[in-house]
Amino acid sequence: AKRWPAEYYAKVAELKIREGWQVWLFGSKNDHPGGELIRELLIPGLREETTNLAGETSLEEAIDLLSAATAVVSNDSGLMHVAAALDRPLVAVYGSTSPQFTPPLGEQVEIVRLGLECSPCFERTCRFGHYNCLRELKPRAVIEALDRLLPKPVEVQ
């Protein structure tokens with residue numbers, strides 16, 4: 001109930017890779033299969049620009065790598081708070097939880113959430129079985145939040 005769909009992360013990753021970025025996926029060992037799914041959803045050529053580090057780094061290594069990130073897109077998680085503390089441009093995705101209770105404390109933060117009638121419910125499993133608080137939160141909202149956070153490239157004429 002706190003995990004934005006892998007296919008949505010893959011859409012954001014695809015767009016950023018096409019803009020020349022590399023994508024690093026973080027999390028615990030339990031998040032590794034989700035990271036692999038995100039990679040599998042990318043076409044060959046883009047997939048190689050994505051590294052699944054979930055379960056492969058210590059907390060110290062993850063902090064070091066996050067400190068070098070251009071931007072971070074994260075579910076409501078411990079690493080979300082780390083990215084905020086490192087003052088990385090951060091898009092925080094909220095579904096069943098609330099930024100009123102656990103906000104990322106950083107200067108460069110955009111929170112995306114739908115605020116449906118049934119959320120926040122703070123449940124690990126959607127009592128209605130639909131997970132609409134995350135499923136209806138489309139990649140475009142995250143991409144637009146990233147665009148607001150990141151400086152625009154200067155066009156040479």
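Below you will find a few notes about this structure.

1. Let's talk about the overall build of the chain
Here is step 1: A count of helical and extended segments in the chain gives 6 helices and 5 strands.
Here is step 2: For the chain, the α and β elements follow one another from N to C terminus as α-β-α-β-α-β-α-β-β-α-α.
Here is step 3: In terms of C-alpha radius of gyration, the chain reaches 15 Å, essentially the compact-globule figure of 15 Å for 157 residues.
Here is step 4: Dimensions of the chain along its principal axes, counting C-alpha atoms only, are 50 × 35 × 30 Å.
Here is step 5: If you take every contact in the chain between residues at least 6 apart in sequence, the share linking residues at least 24 apart comes to 55%.
Here is step 6: A total of about 9100 Å² of accessible surface is found on the chain, and carbon and sulfur atoms cover 52% of it.
Here is step 7: Averaged over its 17 positive side-chain charges, the chain has a centre that lies 5 Å from the centre of its 22 negative ones.

2. A closer look at helix H6 (residues 139-149)
Here is step 1: Buried residues of H6: Pro-139, Val-142, Ile-143, Ala-145, Leu-146 and Leu-149, and no others. Along the axis of H6, the buried residues cluster in a sector spanning 160°; they form a single face.

3. Observations regarding the packing of helix H1 (residues 6-18) against H6
Here is step 1: Where H1 contacts H6, the axes come no closer than 9 Å and their chain directions differ by 40°. When the axis of H1 is compared with that of H6, the two are oblique. When the axes of H1 and H6 are compared, the crossing they make is right-handed. Where H1 abuts H6, its residues Tyr-8, Lys-11, Val-12, Leu-15 and Lys-16 lie against Pro-139, Val-142, Ile-143, Leu-146 and Asp-147.

4. Observations regarding the environment of Arg-47
Here is step 1: Locating Arg-47 in the fold gives a position in the loop between helix H2 (32-40) and strand E2 (50-52).
Here is step 2: Residue classification places Arg-47 among the partly exposed positions, given a relative accessible area of 24%.
Here is step 3: Sequence separation between Arg-47 and Ala-10 is 37 residues, and the spatial gap between their C-alpha atoms is 9.6 Å.
Here is step 4: With near-sequence residues (within four places) excluded, Arg-47 lies in contact with Arg-39, Glu-40 and Leu-42.

5. A word on the sheet that holds strand E4 (residues 90-93)
Here is step 1: Spatially, E3-E4-E5 is the arrangement adopted by the 3 strands of the open sheet, whose pairing is parallel. Where the open sheet ends on each side, the last strands, each with one partner, are strand E3 (72-75) and strand E5 (109-112). Across the sheet, the mean angle from the axis of one strand to that of its neighbour is 20°, orientation sign disregarded.
Here is step 2: Where E4 meets E5, 4 bridges bridge the pair, whose relative direction is parallel. Counted as the bridge partner of Leu-90 is Val-109 from E5.

6. Describing the side chain of Thr-50
Here is step 1: Position of Thr-50 among the secondary structure elements: in strand E2.
Here is step 2: With residues up to four places along the chain from it excluded, the contact list for Thr-50 reads Ile-17, Val-23, Leu-25, Arg-39 and Leu-42.

7. Some thoughts on the packing of aromatic side chains
Here is step 1: Counted under the stated rule, the structure contains 4 aromatic pairs.
Here is step 2: Where Trp-4 meets Tyr-9, the ring centres are 5.0 Å apart and the plane angle is 85°; that geometry is what we call edge-to-face. Assigned by exposure class, Trp-4 and Tyr-9 land together as buried.
Here is step 3: The cationic tip of Lys-16 hangs over the ring face of Trp-21; the distance from NZ or CZ to the ring centre is 4.8 Å.

8. Regarding helix H4 (residues 78-85)
Here is step 1: Every buried residue belonging to H4 is among Met-80, Val-82, Ala-83 and Ala-84, and all of these are buried.
Here is step 2: Contact partners of the buried residues in H4: helix H3 (59-67), E3 and E4.
Here is step 3: A positive backbone phi angle near 60° is found at Asp-87, which sits one or two residues after H4.

Conventions and cut-offs
- Residues numbered from 1 in each chain as written.
- Predicted model: local features only at pLDDT ≥ 70, side-chain atom pairs only at ≥ 80, totals over all residues.
- Heavy atoms only, no water.
- Helix = DSSP H or I, 4+ residues; strand = E, 2+ residues; numbered from the N terminus.
- Rg over C-alpha atoms; globule rule 2.2 N^0.38 Å.
- Contact = heavy atoms within 4.5 Å.
- Areas by Shrake-Rupley, 256 points an atom, 1.4 Å probe, with all protein chains shown as cover.
- Lys, Arg positive; Asp, Glu negative; His and termini not counted.
- Charge placed at Lys NZ, Arg CZ, Asp CG, Glu CD.
- Buried < 20%, exposed > 50% of the residue type's maximum accessible area, 1.4 Å probe, protein only.
- Arc of directions from axis to C-beta.
- Axes fitted to C-alpha atoms, helices over the stretch in contact; angles between N-to-C directions.
- Parallel < 35°, antiparallel > 145°, perpendicular 65-115°, else oblique.
- Left-handed = near helix turned anticlockwise from the far one by under 90°.
- Pairing = 2+ DSSP bridges.
- Phe/Tyr/Trp six-rings, centres within 6.5 Å; stacked < 30°, edge-to-face > 60°.
- Lys NZ or Arg CZ within 6 Å of the ring centre and 35° of its normal.

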